[in-house]
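Structural overview
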Amino acid sequence: MKQKSYEEAVKRLEEIVNLLERNEVPLEESIHLFQEGIELSQYCNDKLDNIQKKVAKIYENNELKEFTGEE
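Computed from a predicted structure; not experimentally measured.

Points about the overall build of the protein
- From N to C terminus, the protein includes two helices and two strands.
- Pairs at least 24 residues apart make up 55% of the contacts formed inside the protein by residues separated by at least 6 positions.
- Here the protein has roughly 6100 Å² of accessible surface; of this, 50% comes from carbon and sulfur atoms.

Structure representation (structure tokens):
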């Protein structure tokens, strides 16, 4: 998958959901869209997990720590 920002991935996922809900795309295209949607969903979940870990590092042991941007 081409590198996307979280926001771009969510926007594309919303587009896919709208296309599939309208039932106006051929079956083969629906399968491709569904697969792309699953990949985007996993990508977004991974991004959120990484952010959650970063926040946990910043606020460790109830003490605010400086964010360095490194993992």
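Overview of the nonpolar core
- If you look at the biggest cluster of nonpolar residues, it comprises seven residues: Ala9, Ile16, Val25, Leu33, Leu40, Tyr43 and Cys44.
- Broken down by secondary-structure element, the contributors of at least two residues to this core are helix H1 (6-22) and helix H2 (27-58).
- Ranked by the residues each element gives to this core, the list is headed by H2, at four residues.
- Beyond its immediate chain neighbours, meaning those up to four positions away, Leu33 contacts Arg12, Ile16, Leu19, Leu20 and Val25.

Overview of H2
- The terminal C-alpha atoms of H2, which comprises 32 residues, lie 46 Å apart, in line with the 46 Å expected from a rise of 1.5 Å per residue.
- Those residues of H2 that fall on the buried side of the exposure criterion are Ser30, Leu33, Gly37, Leu40, Tyr43 and Cys44.
- Buried residues belonging to H2 abut H1.

Some words on unusual backbone geometry
- In this structure, Asn23 is a non-glycine residue whose phi angle is positive, near 55°.
- Mapped onto the fold, Asn23 is located in the loop between H1 and H2.

Quick word on the pattern of salt bridges
- Tallied over the entire structure, the rule returns two salt bridges.
- Across the pair Glu15 and Arg12 runs a salt bridge, and its minimum N-O distance is 3.3 Å. Of this pair, Glu15 and Arg12 both sit in helix H1, separated by three residues, roughly a single helical turn.
- By relative accessible area, Glu15 is classed as partly exposed at 34%.
- The closest approach of N and O atoms between Glu36 and Arg12, which form a salt bridge, is 2.9 Å. With a gap of 24 residues between them, Glu36 in helix H2 and Arg12 in helix H1 connect regions that are remote in the sequence.
- You can call Glu36 partly exposed: its relative accessible area is 24%.

Procedures and definitions
- Residues numbered from 1 in each chain as written.
- Predicted model: local features only at pLDDT ≥ 70, side-chain atom pairs only at ≥ 80, totals over all residues.
- Heavy atoms only, no water.
- Helix = DSSP H or I, 4+ residues; strand = E, 2+ residues; numbered from the N terminus.
- Contact = heavy atoms within 4.5 Å.
- Areas by Shrake-Rupley, 256 points an atom, 1.4 Å probe, with all protein chains shown as cover.
- Core = buried A, V, L, I, M, F, W, Y, C linked by side-chain atoms within 4.5 Å.
- Buried < 20%, exposed > 50% of the residue type's maximum accessible area, 1.4 Å probe, protein only.
- Expected span 1.5 Å × (residues − 1).
- Salt bridge = Lys/Arg side-chain N within 4 Å of Asp/Glu carboxyl O.

Geometric descriptors of this kind do not, in isolation, establish any biological role.
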